[in-house]
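Coordinate inspection notes
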Amino acid sequence: MEETVGLFDIFHTIKKRWNVIVLLTLIAVLISASVSYYILKPVYQASTQILVNQKNTENKIDYTQLQSNVDLINTYRVILKSPVILEKAIDKLNLTQSWEELNQHIQVTSQENSQVFSLMVEDQDASKAVVIANTVSETFQEEIKGIMNVDNVSIIAKAELKQNPIPVKPKPILNMAIAFVIGVMIGIGTALLLDFMDNTFKDEHDVEACLGLPVLGTVQKMPKVHEKGKRDSKTQTMGSEKVVSSVEK
Amino acid sequence: MARKRNIKQTSTNSGRKLVTAIDPKSPISEQYRTIRTNIQYSSVDQEQRVIMVTSSGPAEGKSTTVANLAVTFAQLGKKVLLVDADLRKPTVHYTFGVNNLFGFTTVLTKQRPLESVVRETEIQDLYVLTSGPIPPNPAELLISKSMEQFIEEAKEQFDYILFDTPPLLAVADPQILANQCDGSILVVFSERTEIEQAKKAKELLENAHSKLLGVVLNHKEAQKNDYYYYYGAK
């Protein structure tokens, strides 16, 4: 006979082994919190905004020029992260890291049909991130003239060091929320696994099915009132055991 | 003859164990009475007078079950003798708050007669025979001729003789005793007793040619749909 596990059985298991679920969830959240707050070092972000726009002497807007500037952004994004720019920035700042390592800490983002793109630098030192962001964007502005033979790049917003910089990584609350969800899932999984592996008697049906013997009766868990036991002042101690005065019959 | 004991003034353990004596109207006491009734009707052709209570492993509630069953049988007005045949870790003397200087082993070794060692309890018609001094060879004592004589003598004086025994899988004593009793009861602890262990215990009892009266499921989680869940103690 096949044994089917219903939704009620799953809920019963969860209810019965709630302490396992709570414990594992708590462990997951605590690990996540300790890793986020004590192990992972905070990473700060600095960003500059660069405008790609050909200097126009006339007051009218040239839409063809505008579109070509937008199309150029994708090319500029690649150039900005290339060794041509990054190695020069490293030399200027006397950084020990290679251009590949610096490249990993740089992100270039742009919005669709916009002439502005952002350069974002991440570093464990907030002031260093600001300096790198500004240096890279300035180097790019200088070098692009020679590379593309155009002078259509201008920095519209420089990176600035805030008084109390907020790290972008790690995000402890988010990490803990993710850990909570994972912890609950692992907890429920563990509870169901423990129940599946549990080869003990649960009820009368188990006894009858496994032993083929009649169940004379069941005794429920004793309430707390009976578990405490009752002491009496008349009880005497003899050796290690408690006995009472006997009355000869 | 027997010395009277006060249940209410026993060891701190007995309050938990003898719920049938302390709180006879409680749902748990009613459950023990149900077990008693089922034992009485378990065999139509032959009355089960000498009953052994055992389990596959330790701490499954044998002693608690046998003590409460003894009380429920005594409450019927039957003369009941509760014998502590657990000659390894005896507990009956703790439950009833009596000393264990003389007892079952004293009778088996013919040092004292049964009448002088049996103790009367506060519960009417309930008598206890503690284990007595623990011998180095319990199995040999139980297999001896004096054991048969003891059962015959006890049957003359009492309506029911209930034996509290050690775990089946731990020692051979229960198997030896099972062969000399009218019936055996296996106690299983809900969510603790392993199915395989209980199967082995059943096999051992069958090998001893013992009549297995049935199983008592102990420490079961109360469900909302259980009858006694609603039946409150007065």
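This structure is a prediction, so every number in the text was calculated from the model and none was measured. (Residues numbered from 1 in each chain as written. Chains lettered and ligands numbered in written order. Predicted model: local features only at pLDDT ≥ 70, side-chain atom pairs only at ≥ 80, totals over all residues. Heavy atoms only, no water.)

Here we look at the overall build of chain B
Inclusion rule: For helices the rule is a DSSP run of H or I covering at least 4 residues; for strands it is a run of E covering at least 2, with both sets numbered from the N terminus onward. Buried residues are those whose accessible area, probed at 1.4 Å on protein chains only, stays under 20% of the maximum for their type, while exposed residues exceed 50% and partly exposed ones sit between those limits. Note on contacts: a residue pair is in contact if any heavy atoms of the two residues lie within 4.5 Å. The Shrake-Rupley method, run with a 1.4 Å probe sphere, supplies the accessible areas, and residue values consider only the shown protein chains as cover.
Looking only at helices and strands, chain B has 12 helices and eight strands in total. Per-residue burial over chain B gives 60% buried out of 234 residues. Sequence separation of 24 or more characterises 79% of the internal contacts of chain B that already satisfy a separation of 6 or more. Approximately 9,300 Å² of chain B is accessible, and the part contributed by carbon and sulfur atoms is 48%.

A look at the packing of aromatic side chains
What counts here: Pairing of aromatic side chains here covers Phe, Tyr and the six-membered ring of Trp, requires ring centres within 6.5 Å, and sorts the geometry by plane angle: under 30 degrees stacked, over 60 edge-to-face, intermediate tilted.
Enumeration over the complete set of coordinates arrives at seven aromatic pairs over all chains. On the numbers, 6.1 Å between centres and 55° between planes, the contact of B:F104 with B:F163 is tilted. Here B:F104, found in helix 6 (residues 104-108), pairs with B:F163, found in strand 6 (residues 160-164); they are 59 residues apart in sequence, far enough to count as distant. Joined through ring pairs, the aromatic side chains of A:Y76, A:F117 and A:F140 make up one cluster.

Focus: the sheet that holds strand 1 (residues 44-52) of chain A
In a beta sheet, neighbouring strands pair by backbone hydrogen bonds and run either parallel or antiparallel. Residue and element names in this part refer to chain A. To keep things clear, this is the line we draw: Note: two strands are recorded as paired if DSSP finds a minimum of 2 bridges between them. A fitted line through C-alpha atoms represents every axis, and for helices the fit uses only the stretch in contact; the resulting angles, taken between N-to-C directions, go from 0 to 180 degrees.
Strands sit in the order 2-3-1-4 across an open sheet of four strands; the sheet is antiparallel. The open sheet has two free edges, formed respectively by strand 2 (106-110) and strand 4 (153-157), since each of these has just one partner strand. The mean inter-strand angle of the sheet, taken between neighbouring strand axes irrespective of direction, is 30°. Direction of pairing for strand 1 relative to strand 4: antiparallel, over a ladder of four bridges. Each residue of the ladder has a partner; that of V52, found in strand 4, is V153.

Looking at the confidence of the model for chain A
Segments scoring low in pLDDT should not have their predicted coordinates read at a detailed level. All names here are of chain A. What counts, and what does not: Scored from 0 to 100, pLDDT reflects the predictor's confidence in each residue.
On average, residues of chain A score 78 in pLDDT, and 78% of them are at 70 or above. Highest mean pLDDT in chain A belongs to helix 2 (residues 18-39) (92); lowest belongs to strand 6 (residues 236-238) (31). With pLDDT under 50 throughout, residues 225-249 is counted as low confidence; its partners more than four residues away or in other chains account for 57 contacts.

A short note on helix 11 (residues 195-207) of chain B
Residues and elements named next belong to chain B. Note the following rule: Take the residue count of a helix, subtract one, and multiply by 1.5 Å to get its expected span. Arc definition: it is the arc formed by the directions from the helix axis to the C-beta atoms.
For helix 11, which comprises 13 residues, the first-to-last C-alpha distance of 18 Å matches the rise-based estimate of 18 Å (1.5 Å per residue) to within 8%. Three or more residues of helix 11 are buried, namely I195, A198, A201, K202 and L205. One face of helix 11 carries all of its buried residues, which in axial projection span an arc of 120°. A positive backbone phi angle near 55° is found at H209, which sits one or two residues after helix 11.

Some remarks on the confidence of the model for chain B
Confidence in the prediction for chain B averages 85 pLDDT; 86% of positions are at 70 or higher. For chain B, per-element mean pLDDT is lowest for helix 12 (residues 227-230) of chain B, which scores 47, and highest for strand 3 (residues 80-84) of chain B, which scores 96.

What to know about unusual backbone geometry
One non-glycine residue with positive phi stands out, namely A:N94, at about 55°. As for its placement among the helices and strands, A:N94 is situated in the loop between helix 4 (83-93) and helix 5 (99-104). The backbone phi angle of B:D125 is positive, close to 70°, even though this residue is not glycine. Summarising the element assignment, B:D125 is placed in the loop between strand 4 (119-120) and strand 5 (126-129). For B:D125, a relative accessible area of 18% translates into the label buried.

Remarks on a nonpolar patch on the surface
We count it as follows: Like charges are joined within 9 Å and nonpolar side chains (Val, Leu, Ile, Met, Phe, Trp, Tyr) within 5 Å, but only among residues with over 30% relative accessible area and no salt bridge; these make up the patches. By salt bridge we mean one thing: a side-chain nitrogen of Lys or Arg within 4 Å of a carboxyl oxygen of Asp or Glu.
A cluster of nonpolar residues, A:Y37, A:Y38, A:I39 and A:I173, forms a patch on the protein surface that exposes about 560 Å² of accessible area. Classification of A:I39 as exposed rests on a relative accessible area of 60%.

Observations regarding the environment of B:P113
Tracing the backbone through its elements, the reader meets B:P113 in the loop between helix 6 and helix 7 (114-117). On the basis of relative accessible area, B:P113 is assigned to the partly exposed category, the value being 46%.

Some words on the pattern of salt bridges
By the definition in use, this model includes 10 salt bridges over all chains. With its nearest N and O atoms 3.4 Å apart, the salt bridge here joins A:E204 to B:K220. Taken together, the residues A:E204 in helix 8 (residues 204-211) and B:K220 in strand 8 (residues 212-220) connect one chain to another. Between B:E206 and B:K202 there is a salt bridge, and its shortest N-O distance comes to 3.7 Å. Here the residue B:E206 and the residue B:K202 both occupy positions in helix 11, the gap between them amounting to four residues, near one helical turn. Via salt bridges that share partners, A:R17, A:D195 and A:D198 belong to a single interconnected network.

A few points about the nonpolar core
All names here are of chain B. To keep it simple, the criterion reads: We define a nonpolar core as any set of buried Ala, Val, Leu, Ile, Met, Phe, Trp, Tyr and Cys residues linked to one another through side-chain atoms lying within 4.5 Å.
L81, F104, L129, M147, F150 and F163 are the most contacted members of the largest nonpolar core, which totals 43 residues. Contact partners of F150, with chain neighbours within four places excluded, come to L81, V83, F104, V107, L108, L114, L129 and F163. Counting 30 residues, the second largest nonpolar core, distinct from the first, contains V19, L82, V128 and V216.

Re the side chain of A:N134
All names here are of chain A. Quick note on the threshold: Any N or O atom pair separated by 3.5 Å or less is treated as a polar contact, with the protein-specific requirement of one donor-capable and one acceptor-capable atom, and with residues adjacent in sequence counted only for side-chain atom pairs.
If you trace the backbone, N134 turns up in helix 6 (residues 126-148). At 2.8 Å, the side chain of N134 forms a polar contact with the backbone nitrogen of A159. In contact with N134, not counting residues within four places along its chain, are T48, K158 and A159.

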